[in-house]
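Each chain, written out:
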Amino acid sequence: MTAAAGWLADRVSRLLDPDERDAVRGDFAELGITSAQAVVEVLGLLMRRQAALWTEWGPWLALVGVVIPLGALLGQLSWSWADGSAIYTFLYVNNWTWAYVESPGARRDLLDVGTRVCLNDLALIGWSWTTGFALGSLSRRTLWVTATLFCLVVFVVFGFSSGTTARANPFNAAVFSLPFYRVRYPWLVLTGLVLLPAMWGMRRSRRSASLPLIPTLVGFAVIALLTVSAARTLELFAIGHWHLTRLDPSPDGFAEHGGWFRPLRLLPLLPLWPVAFIVASACWRRLRGQPASA
Amino acid sequence: MLGEFEYLLISASARLGDRAYGAAIRHEIERACNERCSVGALYTTLDRLEKKGLIETWMGEATTQRGGRSKRMVRVTAKGTREAAAFYRAVVRSSQGVSWQTNPREDRS
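Throughout, residues of each chain are indexed from 1 in the direction in which the sequence is written. Whichever chain is written first is A, and whichever ligand is written first is 1; the rest continue in order. Note on the predicted model: pLDDT of at least 70 is required for a residue's local features to be given, and 80 or more for side-chain atom pairs to be given and counted; whole-chain, interface and lining totals, by contrast, use all residues. The basis for the side-chain values is all heavy atoms of the structure; hydrogens and waters are excluded.

Participant: Looking at this structure, I do not really get the overall build of chain A. What am I missing?
Facilitator: Each helix is a run of DSSP H or I of at least 4 residues and each strand a run of E of at least 2, with the numbering of both proceeding from the N terminus. When helices and strands are tallied, chain A shows 13 helices and two strands. Categorising residues by exposure relies on relative accessible area from a 1.4 Å probe, with only protein chains included: less than 20% of the type maximum marks a residue as buried, more than 50% marks it as exposed, and the intermediate range marks it as partly exposed. Every one of the 294 residues in chain A was classed for burial, and the buried ones make up 44%. In this analysis, two residues are considered to be in contact whenever any of their non-hydrogen atoms come within 4.5 Å of each other. In chain A, 81% of the contacts between residues at least 6 apart in sequence involve partners at least 24 apart. What sets the accessible areas is the Shrake-Rupley method with a 1.4 Å probe; for residues, cover comes only from the shown protein chains. Surface summary for chain A: the accessible area is close to 15,600 Å², and the carbon and sulfur share equals 69%.

If you want it as structure tokens, here you go:
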């Protein structure tokens, strides 16, 4: 019990700055405070420190502007994106035949699908990285709280995104009857295209809250182009299964979306805002003559 | 105007002089108030007072008694001394004519 408390006290005190950790643990040794008491005291200190940091605007902007909207969007997108690309992965990997390459029409389809899936994946990676970077820049000292909340929002939305158009379509039953595409594939997409890039972005922001201007502008242009290319897919995937269930048939018999669907045209602007924030802070630093680390 | 805990911390630091650091200040405050003082309250208040320019802190030497760990040393600045003196005068003025003897009847209720 004492050994476990000692280990816990050591782990918890690592969350303090090195100098403060030294002073606090030295005080505990001098005052003969037990490990269990030390855990409680350090947790109290950490909570007071966090509470003090949340009196500034940065962590709140990170929470309202990044964690909630982008966490929800990326959680929903990763599930829908996975289902959409699972069909093509099933088609071209599980059912591979050289006819896909030999036939000119099938080859064109393969190239078209491959390019689209790659561009969409790159867009998702780009949005996740910039989201992580913006989160880290806005809430540097509260990052472990905002990052945990971000992951929580992503997981909650991801967990509730069980129904998509791809899964609802009976023609895709063969794909989603396989446990790999039904369960594991969405988790792979979530981890590889959202969580890891977002953590990479957060880690990068720890080195410097701003990036050099020229690479940032190039990055902005690339992500804006990827967003434009993925805009239509983004609209459809973000609404998941609703766009099948809420189609309004028009008088000519063709199904069309009601007016509720139109605001979703603005959806591509949402993942672009962290990019705009990163560009704005790089410009601001340049104007003030402050260096940004490469 | 200082808060009461800020005043306790500054007066403990002033009393300890060159020997003012985290554990010693904490011990002084606990002795004066007969109440536990948490490390969270102590260190966040030190930060606040330092930000206000009422104290200065720096990392001192390590001792074997502390397991080879450094102390966070504290010194009260001139501004801190003025603020603490003002607080003390205010407490003395506001206490004049007040008797803190409790009514035995109120105590029983």
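Once you've had a look at it, read on.
Participant: How do you make sense of the overall build of chain B when you look at a structure like this?
Facilitator: When its secondary structure is counted, chain B shows five helices and two strands. Helices and strands in chain B line up, N terminus first, as α-α-α-β-β-α-α. Expressed along its principal axes, the backbone C-alpha trace of chain B runs to roughly 55 × 30 × 20 Å. Taking all 109 residues of chain B together, the buried fraction comes to 39%. Split by element, the accessible area of chain B, about 6,800 Å² in all, is 50% carbon and sulfur. Under this rule, positive means Lys or Arg and negative means Asp or Glu; His and the chain ends count for nothing. Charge placement uses NZ in Lys and CZ in Arg. For Asp and Glu, CG and CD serve respectively. Of the charged side chains in chain B, 19 are positive and 13 negative, and the gap between their average positions amounts to 1 Å.

Participant: I tried to follow the interface of chain B and chain A on my own but got confused; where do I start?
Facilitator: Accessible area lost on assembly of the parts is the figure often given for the size of an interface. With 18 residues of chain B at the contact, the number on the chain A side is 18 residues. In short, buried area is how much 1.4 Å probe accessible area vanishes from two parts on joining, totalled over both. Summing the contributions of chain B and of chain A, the shared interface buries around 1,700 Å²; its carbon and sulfur component is 52%. Broken down residue by residue, the surface that chain B buries against chain A is led by B:V39, B:Y43 and B:R69, which jointly contribute 31%. Any carboxyl oxygen of Asp or Glu that lies within 4 Å of a side-chain nitrogen of Lys or Arg is treated as forming a salt bridge with it. A salt bridge links B:R36 to A:E41, with the nearest nitrogen and oxygen atoms 2.4 Å apart. Elements represented by at least two residues in the side of chain B that touches chain A include exactly α2 (22-33), α3 (39-51) and β2 (69-76) of chain B. With six residues, α3(B) is the single largest residue contributor to the side of chain B that touches chain A. Residues are grouped as follows: Ala, Val, Leu, Ile, Met, Phe, Trp, Tyr, Cys and Pro are nonpolar; Asp, Glu, Lys and Arg are charged; every other residue, Gly included, is polar. Its residues assigned to classes, the side of chain B that touches chain A shows six nonpolar, six polar and six charged.

Participant: Teacher, can you tell me more about the state of the cysteines here?
Facilitator: One covalent bond between the sulfur atoms of two cysteine residues makes up a disulfide. Residues and elements named next belong to chain B. Any two cysteine sulfur atoms lying within 2.5 Å of each other are counted as a disulfide. Tallied over the full model, the rule gives zero disulfides over all chains. C37 supplies the cysteine sulfur nearest to C33, a cysteine that is in no disulfide, at a spacing of 8.2 Å. Judged by relative accessible area, which is 32%, C33 ranks as partly exposed.

Participant: Explain the packing of aromatic side chains to me, please; I cannot follow it from the model alone.
Facilitator: Each aromatic ring pair is specified by the distance between its two centres and by the angle formed by the two planes. Residue and element names in this part refer to chain A. Side-chain rings of Phe, Tyr and Trp (the six-membered ring for Trp) are treated as a pair once their centres are within 6.5 Å; stacked means planes under 30 degrees apart, edge-to-face means over 60, and tilted covers the remaining angles. According to the stated counting rule, one finds 16 aromatic pairs over all chains in the structure shown. Taken together, a centroid distance of 6.1 Å and an interplanar angle of 75° make the contact between W129 and W200 edge-to-face. Taken together, the positions of W129 in helix α6 (residues 104-138) and W200 in helix α10 (residues 179-207) put the pair 71 residues apart, joining distant regions of the chain. Between the aromatic rings of F180 and Y181, the centroid separation amounts to 5.0 Å while the plane-to-plane angle is 80°, which identifies the pairing as edge-to-face.

Participant: Please clarify how unusual backbone geometry should be interpreted in this entry.
Facilitator: Outside of glycine, negative phi angles account for most residues, and trans bonds account for most peptide bonds. All names here are of chain B. At N34, a residue that is not glycine, the phi angle is positive and equals roughly 60°. Along the polypeptide, N34 turns up in the loop between α2 and α3. Assessed through its relative accessible area of 70%, N34 is described here as exposed.

Participant: Sorry if this is basic, but what is going on with the nonpolar core here?
Facilitator: Nonpolar side chains in soluble globular proteins generally cluster together in the buried interior. Buried Ala, Val, Leu, Ile, Met, Phe, Trp, Tyr and Cys residues form a nonpolar core when they are joined through side-chain atoms within 4.5 Å. Ranked by internal contacts, the top residues of the largest apolar core, which has 43 residues, are A:L77, A:L124, A:W127, A:L135, A:F150 and A:M202. Ranked by residue count, the leading element in this core is helix α4 (residues 57-94) of chain A, at 13 residues.

Participant: When you look at a nonpolar patch on the surface in this model, what are you seeing that I'm missing?
Facilitator: Taken together, the side chains of A:I214, A:L217, A:V218 and A:V222 present a nonpolar region at the surface, about 350 Å² in accessible area. Note on placement: A:V222 falls in helix α11 (residues 213-238). Distance thresholds for patches are 9 Å for like charges and 5 Å for nonpolar side chains (Val, Leu, Ile, Met, Phe, Trp, Tyr), applied to residues having over 30% relative accessible area and no salt bridge.

Participant: Can you help me understand the environment of A:T131 in this one?
Facilitator: Residues and elements named next belong to chain A. Here T131 is to be found in helix α6. A sequence separation of 140 residues divides T131 from P271, and the C-alpha atoms of the two residues are 7.7 Å apart. Setting aside its immediate chain neighbours within four residues, T131 contacts V66, L70, L74, F150 and P274.

Participant: Can you help me understand α3(B) in this one?
Facilitator: Helical geometry note: an α-helix holds 3.6 residues per turn, so side chains three or four residues apart project in the same direction. In this analysis, the expected span of each helix is defined as 1.5 Å times one less than the number of residues it contains. Helix length check: α3(B), at 13 residues, gives a terminal C-alpha distance of 18 Å against a target of 18 Å (1.5 Å per residue), a fit within 8%. Three or more residues of α3(B) are buried, namely B:V39, B:G40, B:A41, B:L42, B:Y43, B:T44, B:T45, B:L46 and B:L49.

Participant: Honestly, the packing of α6(A) against helix α7 (residues 143-160) of chain A in this entry has me stumped. Any pointers?
Facilitator: All names here are of chain A. Contact geometry for α6 and α7: axes closest at 9 Å, N-to-C directions at 145°. Handedness of the α6/α7 crossing: right-handed. In this structure, α6 contributes T131, L135 and G136 to the contact, and α7 contributes L143, T146, A147 and F150. Across the contact of α6 with α7, the residue classes break down as four nonpolar, three polar and no charged. Axes, fitted as lines to C-alpha atoms, cover a helix only where it is in contact. Angles between the N-to-C directions of the axes lie from 0 to 180 degrees. For any pair of crossing helices, the crossing counts as left-handed if the nearer helix is rotated counterclockwise from the farther one by less than a right angle, and right-handed if it is rotated clockwise.

Participant: Please explain the packing of α2(B) against α3(B) as it appears in this structure.
Facilitator: The axes of two packed helices give the description: the angle between them and the distance between them. Residues and elements named next belong to chain B. Running from amino to carboxyl end, α2 crosses α3 at an angle of 115°, the nearest separation of the two axes being 11 Å. As summarised for this structure, α2 and α3 are arranged roughly perpendicular, according to the angle between their axes. The chirality of how α2 crosses α3 is right-handed. Contacts from G22, I25, R26 and I29 in α2 reach V39, L42 and Y43 in α3. Its residues placed into classes, the contact of α2 with α3 shows five nonpolar, one polar and one charged. Roughly parallel refers to an angle under 35 degrees, roughly antiparallel to one over 145, roughly perpendicular to one between 65 and 115, and oblique to any angle outside these ranges.

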